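Structure assessment
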Amino acid sequence: MDIKKNIILLGATGSIGESSLRLLRKNKERFNLIGVSAHNNSKLLSKIVNEFDVPNVVLSDPKNAKSYYGKNELYVGHSSLIELAKINCDIVISGIIGMSGLYPAFAAISVGNNLAIANKETLVSAGKIFMEKSHEKKVRILPVDSEHSAIFQCLEKNNIDNVDFITLTASGGPFLNMPIENFKNIKPKDAIKHPVWKMGEKISVDSATMFNKALEIIEASVLFNIRSDKIEVTVHPEHIIHGLVHYKDGSILANLGFPDMITPLSVALNWPERINLNLKKLSLNNISNLNFFEPDYKKFPGLKLGWEVLESSCCSPIVLNASNEIAVDAFLKNKVRFIDIYNIVYETLNICKPFIPKNIDDIIEIDKIARIDALNLIKRKFING
Ligand code: NDP
Ligand code: MG
């Protein structure tokens, strides 16, 4: 057995955190968990620290520090989170939600740590700068998002020049079969009930609007350096096939598996090796039907924006992501309707075209401007709409 890999898990208390811990728990002889972070949930953080005896612990929001009871010392605040990501290790997993994951993930690769990244909002907004830094520092950026893990696995060893196009599958979310007339009545509690995956609230709403797939189009373009017109999306409700790479010679490689994030996490943490996870076996003999169809762009107009922003100014993905985060937050707080999410993003994209970002600080600045524009728009036009 090789020596153990040292892992730092950012966002240990979330859904990606939970899947990562399941993987580490099953493979204690392979991995040392040397660092963990949470934002608010200090009780769950304490439990994790005590189970895995994690030496480096951060709570990025100090508010709940008093209820921490872990056996190892707690550090608090955003700067401690960045310092945590910079500790020398084999792989940092980023399971933080939204743009809050940007600085710690960038800090990790800047000091030469490999990065297993689930936090797609960061790649959408700062992907180009991340990829450049990863080449400069000779570190790996390993996708955890299941569709991107699928493409990553089907692309490996094959030259990108021989790729014709790629397909990202989409489960279609909870409202796939709901008539469009009923969309105006959708409540947050309905939108966070995903039919296939158990995930955090924000990504669950993104799946319901299909903005998640728009973000994933941009994420794929960045990770694999592939043009927007070479990315296809197919609705596949069973979510057994996660992604396909179509080669120019007519050969198509697909990645299949039961929907469980433990597998893409295992691929990322063990790459290029694989380990036995002893999961339930998938036999095609037991799967009677796999369905595929074109997305309904009338019901899910946000999906089209994924392709459109890749064709427009390079600050548009940042604006799309920031305004979507603001709109989803307002929806979850019952301030705007489900159908307003698309209009808020669309209108913010039309009014907010700040400047071309050159570095991470520019990206944060554009993100801030877009958030203010989206919030003002909501106040002016959408609140209690
Ligand atoms: P969750 O909401 O379940 O978890 C988010 C994690 O980030 C928690 O540990 C939370 O801490 C922490 N966090 C929240 N706000 C901040 C902040 N401001 N600063 C630092 N840390 C913070 O999200 P998910 O696990 O569902 O998603 C995480 C990321 O992974 C997202 O970008 C999502 O798009 C992506 N992803 C998720 C998948 C999934 O299956 N869940 C699949 C593919 C991608 P606390 O609990 O203390 O609030
Ligand atoms: Mg995904």
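The structure contained in this document is the topic of the report that follows. (Residues numbered from 1 in each chain as written. Chains lettered and ligands numbered in written order. Predicted model: local features only at pLDDT ≥ 70, side-chain atom pairs only at ≥ 80, totals over all residues. Heavy atoms only, no water.)

Applying the stated criterion to the full structure yields nine aromatic pairs. Seen from their ring centres, F152 and W271 are 4.9 Å apart, and the 55 degrees between their planes marks the pair as tilted. One end of the pair, F152, is in helix α6 (residues 146–155); the other, W271, is in the loop between α10 (262–270) and α11 (302–311), with 119 residues separating them in the sequence. The exposure class of F152 is buried, given its relative accessible area of 12%. Taking 5.6 Å as the distance between ring centres and 70 degrees as the angle between the ring planes, the aromatic pair formed by F331 and F338 counts as edge-to-face. An identical accessibility class is assigned to F331 and F338; each is buried. By the ring-pair criterion, three or more aromatic residues cluster together here, those being F175, F183, F300, F331 and F338. Between K28 and the ring centre of F52, over which it is positioned, the NZ or CZ distance is 4.9 Å. Just above the ring of F258 sits the side chain of K280; from NZ or CZ to the centre is 4.6 Å. (Phe/Tyr/Trp six-rings, centres within 6.5 Å; stacked < 30°, edge-to-face > 60°. Helix = DSSP H or I, 4+ residues; strand = E, 2+ residues; numbered from the N terminus. Buried < 20%, exposed > 50% of the residue type's maximum accessible area, 1.4 Å probe, protein only. Lys NZ or Arg CZ within 6 Å of the ring centre and 35° of its normal.)

Attention now goes to the state of the cysteines. By the definition in use, this model includes zero disulfides. Of all cysteine sulfurs in the structure, the one in C315 sits closest to C352, which takes part in no disulfide; the separation is 6.7 Å. For C352, a relative accessible area of 3% translates into the label buried. (Disulfide = S-S within 2.5 Å.)

Once that is clear, we can look at the pairing of strand β11 (residues 252–256). With five bridges joining them, strand β10 (residues 241–247) and β11 adopt antiparallel strand pairing. Bridging from a neighbouring strand, V245 pairs with L253 of β11. What sits between the antiparallel neighbours β10 and β11 is a turn of four residues, in which G250 has the positive phi angle 95 degrees. (Pairing = 2+ DSSP bridges.)

Before going further, it helps to examine the sheet that holds strand β9 (residues 231–235). The pairing of strands in a sheet happens through backbone hydrogen bonds and is either parallel or antiparallel. With mixed pairing, four strands are arranged side by side in an open sheet as β9-β8-β10-β11. At either end of the open sheet lies a strand with only one pairing partner, and these are β9 and β11. With strand direction ignored, the average angle separating the axes of adjacent strands in the sheet is 20 degrees. (Axes fitted to C-alpha atoms, helices over the stretch in contact; angles between N-to-C directions.)

On to the pattern of salt bridges. Enumeration over the complete set of coordinates arrives at 23 salt bridges. A salt bridge links E132 to K128, with the shortest nitrogen-to-oxygen separation between them at 3.4 Å. Taken together, the residues E132 and K128, both in helix α5 (residues 120–137) and four residues apart, mark about one turn of the helix. The class for E132 is partly exposed, based on a relative accessible area of 46%. (Salt bridge = Lys/Arg side-chain N within 4 Å of Asp/Glu carboxyl O.)

The values are spatial; any link to function lies outside them.
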